[in-house]
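# Fold and contact review
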Amino acid sequence: MILEPIGRDEARELARRELEKPIYHRDRPSWLERVWDRFADWLRELFQRTADPNAHGNGAGWISWIVIILVLVAAVALVAWVMRDRRNVRSDRDPLLEDVPSTARDHRAEADRLAAAGSWPEAIRERLRALARDLEERAVLAPRPGRTADELAAEAGAALPELAGELRAGVRIFDDVWYGDRPGSAEAYARVKALDERVTAAKPKVTADAGDPGDPEDSTAPAPPVPAGAWVVPDRPGDETDGGLRW
């Protein structure tokens, strides 16, 4: 077989195509690595200049110190901005229920409407609000403005210890979609809805408003025994009595 000679332009094109194959570039640093290397070299040069600021007649050492400080401030600001919404979302948040009259039935209807529209974060929040309002309506929890989702899980978990873990899990779902910028899903909503139904069917361990047996305002507390030889009189200013007893 006789091969015809290849021209210069054709040979150049063939060589270019060959060198473009990935096998020749697999050990080449990525553009991000190259940028980082240049940045690291620049920082290294700045630190070398700051080793002896007075050694440079043009004051480059002091300028390097200023640049380094500005870079550090910018880096701290960037980290703070990136981590702004990644803090513990269960630590300090807005109240779960708004300070307006509402019922658990209202919140459940709104949650189902939002779920049908695919608004999962809003639907999950309304379902958790329904759970909180239901516990208040049944006197499992005392109505308290400003109660957060975390506080709801803790207080409801104390009254319903068999559901304490599920309550914490439900609040985590709420935190993730409402404060953690998670998109939410039908599955997440279904879990919170099932939790609401289980809490509604559960019987509380104690009620939030149960009086303390030692509370003097509790009408069910037994009266103290009257000592023999004493007779009861109303307390009046200046009377020397002992708990309404005159000797």
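Everything in this summary refers to the structure shown in the same document. (Residues numbered from 1 in each chain as written. Predicted model: local features only at pLDDT ≥ 70, side-chain atom pairs only at ≥ 80, totals over all residues. Heavy atoms only, no water.)

## Thoughts on the overall build of the protein chain
- Of regular secondary structure, the protein chain possesses 8 helices and 2 strands.
- Its helices and strands taken in sequence order, the protein chain reads α-α-α-α-α-α-α-α-β-β from the N to the C terminus.
- Residues classed as buried in the protein chain amount to 27% of the 247 residues present.
- At a minimum sequence separation of 6, the contacts of the protein chain that also span at least 24 residues come to 57%.
- Approximately 17,800 Å² of the protein chain is accessible, and the part contributed by carbon and sulfur atoms is 57%. (Helix = DSSP H or I, 4+ residues; strand = E, 2+ residues; numbered from the N terminus. Buried < 20%, exposed > 50% of the residue type's maximum accessible area, 1.4 Å probe, protein only. Contact = heavy atoms within 4.5 Å. Areas by Shrake-Rupley, 256 points an atom, 1.4 Å probe, with all protein chains shown as cover.)

## Quick notes on helix 7 (residues 164-178)
- End to end, helix 7 covers 21 Å across 15 residues, agreeing with the expected 21 Å (1.5 Å per residue, within 8%).
- Of the positions making up helix 7, those classed as buried are A164, L167, A169, G170, V171, I173, F174, D175 and V177.
- Buried-residue contacts for helix 7 involve helix 5 (120-137), helix 6 (149-159) and helix 8 (186-201). (Expected span 1.5 Å × (residues − 1).)

## Some points on unusual backbone geometry
- Positive phi outside glycine occurs at A139, with the angle close to 65°.
- Within the secondary structure layout, A139 lies in the loop between helix 5 and helix 6.

## Comments concerning the packing of aromatic side chains
- Considering all chains together, one arrives at 2 aromatic pairs under this definition.
- Aromatic side chains W120 and Y189 sit 6.1 Å apart centroid to centroid with 40° between the ring planes, which places their arrangement in the tilted category. In this pair, W120 is assigned in helix 5 and Y189 in helix 8, connecting sequence segments 69 residues apart.
- By relative accessible area, which is 6% here, Y189 ends up buried.
- Look at F174 and Y179: their rings are 5.8 Å apart centre to centre, the planes differ by 85°, and that puts the pair in the edge-to-face class.
- For Y179, a relative accessible area of 14% corresponds to the buried category. (Phe/Tyr/Trp six-rings, centres within 6.5 Å; stacked < 30°, edge-to-face > 60°.)

## Things to note about the nonpolar core
- Judged by nonpolar contacts, the single largest core of 32 residues is most densely connected at I124, L135, L152, L167 and V199.
- Among the elements that take part in this core, helix 5 stands out by supplying 6 residues, more than any other. (Core = buried A, V, L, I, M, F, W, Y, C linked by side-chain atoms within 4.5 Å.)

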